[in-house]
Amino acid sequence: QVQLVESGGGLVQAGGSLRLSCAASGRTFSTYAMGWFRQAPGKEREFVAAITWSALGTYYADSVKGRFTISRDNAKNTMYLQMNSLKSEDTAVYACAVGPERGRTGWTNPSLFGSWGQGTQVTVSS
């Protein structure tokens, strides 16, 4: 079992930046794809970005492409989400999740992610 803890959320003005972190413990972090998701009040959970176990592949939702960057440091068992040019519609609870294991397909399929963290609140004021 893997445990995920997110941090780095907060209140920021539109156009600003935040960097989220996802610290993992338990299962071998470096052998799994990882992803970021978000959920705004009254809305369904939404896929944001995913990264392969090796960090050689990344995948983004159209709504964040060009503004957000996902990365990971396997030596630190940590994944990051750099968020730039934030908009009010980015306001949500952001959570990280574990994806398919190395060697398995589907790392761009949001339905194959699980083991969610508790999330961190990001609020963008306009």
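Predicted, not measured: the structure shown is a model, and the values here were computed from it. (Residues numbered from 1 in each chain as written. Predicted model: local features only at pLDDT ≥ 70, side-chain atom pairs only at ≥ 80, totals over all residues. Heavy atoms only, no water.)

Draft legend 1. Here's a closer look at the nonpolar core. By size, the foremost hydrophobic cluster in this structure holds 35 residues, and its most contacted members are Trp 36, Met 79, Leu 81, Met 83 and Tyr 94. Secondary-structure elements contributing two or more residues to this core are strand E1 (2-7), strand E3 (18-26), strand E4 (32-39), strand E5 (46-51), strand E7 (68-73), strand E8 (78-83), strand E9 (92-101) and strand E10 (120-125). (Core = buried A, V, L, I, M, F, W, Y, C linked by side-chain atoms within 4.5 Å. Buried < 20%, exposed > 50% of the residue type's maximum accessible area, 1.4 Å probe, protein only. Helix = DSSP H or I, 4+ residues; strand = E, 2+ residues; numbered from the N terminus.)

Draft legend 2. Here's a closer look at the sheet that holds strand E2 (residues 10-13). Taken together, the six strands give an open sheet; going across it, the order is E2-E10-E9-E4-E5-E6, and neighbouring strands pair in mixed fashion. Looking at strand neighbours, the two that pair on one side only are E2 and strand E6 (58-60), the edges of this open sheet. Each adjacent strand pair in this sheet contributes to an overall mean axis angle of 25°, direction not counted. Of the strand pairs in this sheet, E2 and E10 are connected by four bridges, and their pairing is parallel. By the bridge assignment, Leu 11 is partnered in E10 with Thr 123. (Pairing = 2+ DSSP bridges. Axes fitted to C-alpha atoms, helices over the stretch in contact; angles between N-to-C directions.)

Draft legend 3. Layout of the environment of Thr 123. Among the structural elements, Thr 123 can be located in strand E10. Distance in space between the C-alpha atoms of Thr 123 and Val 93 is 8.5 Å, their sequence separation being 30 residues. Not counting residues within four places of it along the chain, the set of residues in contact with Thr 123 comprises Gly 10, Leu 11, Val 12 and Thr 91. (Contact = heavy atoms within 4.5 Å.)

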